[in-house]
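Here is how the chains run, residue by residue.
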Amino acid sequence: MDYFLHILVMISIYSVLAVSLDLLVGRTGLLSLCHAVFYGIGAYTAALLAGHCGAPFLVGVAAGMVVAGTASLLVSIPSLRLRGDYFVIATFGFQMIFFSVLNNWMLLTRGPLGIAGIPQPDVFGWNVNSNLEFAVLAATFAVFAYVVVGLIVTSPFGRVLHAIREDEVFARACGKNTPRFKVVVFAVSSALPAMAGALYAHYITYVSPTSFTVAESILVLSMVIVGGAGSLRGALVGAVVLVSLPEALRFLGLPMAAAANLRQVLYGALLVVMMIFRPRGLVGKYAFGQ
Amino acid sequence: MSQFACNILLSGSLVGFVAVTFSLYYRLNGFFHLGHGAFVTVGAYAAYVTSLSSLRHPAVAIAVSFFVAGGIALVLEACVFLPLRRRAASELNLFVASLGILVVMESAISLCCGADTKVLSRGWWTEPMIMGEARISYIQVAAIAGNLLLLMLVAMLMYLAPFGRSYRAVCADHHLARSIGIAVTRLRLAVAAGAAGFAGVGGALWAYDQDLTPALGFRAILLGAVAAVIGGKSPVGAFVAAMIIAAMQHVLALAWAVKWQDMSVFILLLVFLLLRPQGYLGRHLRAATG
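Residues numbered from 1 in each chain as written. Chains lettered and ligands numbered in written order. Predicted model: local features only at pLDDT ≥ 70, side-chain atom pairs only at ≥ 80, totals over all residues. Heavy atoms only, no water.

Caption draft 1: Here's a closer look at the overall build of chain A. Looking only at helices and strands, chain A features 12 helices and four strands. Rg of the C-alpha trace for chain A: 18 Å, near the compact-globule value of 19 Å for 290 residues, within the 12% margin. For the C-alpha atoms alone, the extent of chain A along its principal axes is close to 55 × 45 × 35 Å. By residue count, 60% of the 290 residues in chain A fall in the buried class. Considering only residue pairs separated by 6 or more positions, chain A has 76% of its internal contacts joining residues 24 or more positions apart. Only carbon and sulfur atoms are counted for the fraction: they give 70% of the accessible area of chain A, which is about 11300 Å². Within chain A, the 10 negative side-chain charges are centred at a point lying 10 Å from the centre of the 16 positive side-chain charges. (Helix = DSSP H or I, 4+ residues; strand = E, 2+ residues; numbered from the N terminus. Rg over C-alpha atoms; globule rule 2.2 N^0.38 Å. Buried < 20%, exposed > 50% of the residue type's maximum accessible area, 1.4 Å probe, protein only. Contact = heavy atoms within 4.5 Å. Areas by Shrake-Rupley, 256 points an atom, 1.4 Å probe, with all protein chains shown as cover. Lys, Arg positive; Asp, Glu negative; His and termini not counted. Charge placed at Lys NZ, Arg CZ, Asp CG, Glu CD.)

Structural data, given as structure tokens:
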């Protein structure tokens, strides 16, 4: 039972990541390969605050969201001039710089050793320590992210994002300040994964740079593409499929290393197959990149 | 020649193989083919497997690398990228598919050969010889000379052979090139196979010089892609940029710390993307900037 609850927690965490990335990739047409940066910022901020200052869980979550939202300006403002694969490569560069900082700034992050002993969360007196309680908390976070992104995409603000995705020049010609919209959506899309990161840190009780590599960013992107970009349901389906499907490999009795590699093969193959046969994903409406 | 200059030349040449071949492919196809890094790994492992057999001479291993990497690239170009182009896939679709290829191939190699570090066979080719104040092995001389030969070959093909005219015509406008009778598909296949083949040779030389892991191609393509962006899509520009990157890394390691080498490369990439996305040799790109 605990195993299934763990899968549920991970699905909820990745749902937050996928739904927030969809806001960028599916709704605005900005393909970002640095989502793990903001996930990592949330995790490390919460871990450092809890470890050094004894800050309560929700303070760590809020601080992580603020730091990630602010850090997103470092990516979004300079990258506004870039389009297409140049934008992707720029976000890729930020991802690599972030990993290098996490791995080498020993005084703050303890480098490859990571930060251990992060306390389990306490939410207004509710001490979350069993997997069932974590599953409830993680599902609450996922619902929150879903509702926030849902409200954004159905608002007039969301319609401008659609316009930017379809034809940015036309949106600008209609008087929309597209750079401002992009910066705001990037900040929102960065704050939500920080929330998931804080939850992850308190759930696993340990964070290290290897959890926030470019592979993690690629995994979240795969979820959005496999499920269907531009669709909230698609992001959820992608998270469910890509978290639960590889778990089936456990039942094949493969060694851990082989199962991990096979999982990566599966993710990569899904990306290629989806691009060739179904760029709109399993349940999406928007044909990615078209 | 001092050891310092020799090290820069060697590092620059190893990156140069990837940078020159990556930019050759990129200029023709217009997207960042990250899967190109996988051919570096394939080449390196092909050399490793050959070196374990009775045919352990480096020349044989390097030739095998060329044909294995080139052959796999040819199959992938025909089975993945040509069908995608037939469906009018965008550059982002092609980019995501190439990302999938990189993930699949590196994980498959890790699955088949293990993730542990491999060392290629030692022999007279790894023995150092004295050149002025520097000690350099025969295989390192081969890497430097091979990179220069590759550059000369590319220059000759570009400017002295009919192939170069066709290549430049397709780069400029592939619809127009097709309408005047240029076999665009055949040209794309030839460039994919040739670029991957030489990337495989680079991978083999890299593996002879340093240790070999499945992540080799990922690191190689990151540095190669940065050099290609800085060099402005031109193979000559990419070669010079590879040397600049190598010089920067070695100077930084000498003056400060090795651990920030990678970060400095990505900061350089971001500086170029933001200030001069067309590279130092390129012309203004409307598609890259807003």
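Caption draft 2: Expanded view of the environment of A:Leu161. Tracing the sequence through the fold places A:Leu161 in helix H7 (residues 156-166). With 100 residues separating them along the chain, A:Leu161 and A:Asn261 place their C-alpha atoms 37 Å apart.

Caption draft 3: Representation of helix H10 (residues 214-227) of chain A. With 14 residues, H10(A) should reach 20 Å at 1.5 Å per residue; the first-to-last C-alpha distance of 20 Å fits that figure. Positive backbone phi, at 130°, marks A:Gly228, one or two positions downstream of H10(A). (Expected span 1.5 Å × (residues − 1).)

Caption draft 4: Seen up close, the interface of chain B and chain A. Across the contact, 46 residues belong to chain B and 42 residues belong to chain A. With both sides pooled, the region where chain B packs onto chain A buries about 3900 Å², and carbon together with sulfur makes up 73% of that total. When the area that chain B buries against chain A is broken down by residue, the three leading residues are B:Leu92, B:Val96 and B:Leu274, summing to 14%. Applying the counting rule to chain B against chain A returns zero salt bridges. (Buried area = accessible area lost by both parts, 1.4 Å probe. Salt bridge = Lys/Arg side-chain N within 4 Å of Asp/Glu carboxyl O.)

Caption draft 5: Inspection of the pattern of salt bridges at higher detail. All names here are of chain A. Summed over the entire model, instances satisfying the criterion amount to six salt bridges over all chains. A salt bridge links glutamate 168 to lysine 182; the shortest N-O distance between them is 3.1 Å. With glutamate 168 in helix H8 (residues 168-173) and lysine 182 in helix H9 (residues 178-204), this pair connects stretches of sequence that are 14 residues apart. Looking at lysine 182, the relative accessible area reads 6%, which means it is buried.

Caption draft 6: Fine view of the side chain of B:Gln140. Positionally, B:Gln140 belongs in helix H5 (residues 138-160). On the basis of relative accessible area, B:Gln140 is assigned to the buried category, the value being 17%.

Caption draft 7: Spotlight on the pairing of strand S2 (residues 134-137) of chain B. Residue and element names in this part refer to chain B. Here four bridges tie strand S1 (residues 128-131) to S2, and the two strands are oriented antiparallel to one another. From the neighbouring strand, isoleucine 130 faces S2, where its bridge partner is arginine 135. From the end of S1 to the start of S2, which pair antiparallel, there are two residues, and glycine 132 there has a positive phi angle of about 65°. (Pairing = 2+ DSSP bridges.)

Caption draft 8: Up close: the environment of B:Ile180. Tracing the backbone through its elements, the reader meets B:Ile180 in the loop between helix H7 (174-179) and helix H8 (184-209). Put simply, B:Ile180 and B:Ala247 are 67 residues apart on the chain and 44 Å apart in space, counted from C-alpha to C-alpha.

Caption draft 9: Quick look at helix H4 (residues 91-113) of chain B. All names here are of chain B. With 23 residues, H4 should reach 33 Å at 1.5 Å per residue; the first-to-last C-alpha distance of 33 Å fits that figure. The buried fraction of H4 amounts to 17 of the 23 residues, a majority that puts the element mostly inside the structure. Backbone geometry just downstream of H4 places glycine 114 in the positive-phi region, at approximately 90°.

Caption draft 10: Region of interest: the nonpolar core. Residues A:Tyr14, A:Phe38, A:Val207, A:Phe212, B:Val80, B:Phe81 and B:Leu84 are the most contacted members of the largest nonpolar core, which totals 200 residues. Excluding residues within four positions of it along the chain, A:Phe38 makes contact with A:Ala68, A:Ala71, A:Ser72, A:Val75, A:Phe186, A:Ser190, A:Pro193 and A:Ala194. (Core = buried A, V, L, I, M, F, W, Y, C linked by side-chain atoms within 4.5 Å.)

Caption draft 11: Here's a closer look at the environment of A:Gly125. Residue and element names in this part refer to chain A. Tracing the chain through its elements places glycine 125 in the loop between strand S2 (122-123) and strand S3 (126-127). On the basis of relative accessible area, glycine 125 is assigned to the exposed category, the value being 61%. Along the chain, glycine 125 and isoleucine 77 lie 48 residues apart, while their C-alpha atoms are 40 Å from each other.

Caption draft 12: Quick look at the side chain of A:Asn104. With respect to the helices and strands, the residue A:Asn104 is situated in helix H4 (residues 84-104). Judged by its relative accessible area of 14%, A:Asn104 is buried. At 2.9 Å, the side chain of A:Asn104 forms a polar contact with the backbone oxygen of A:Ser100. Apart from the residues within four sequence positions on either side, A:Asn104 is in contact with B:Lys259 and B:Trp260. (Polar contact = N/O pair within 3.5 Å; in protein donor to acceptor, adjacent residues only side chain to side chain.)

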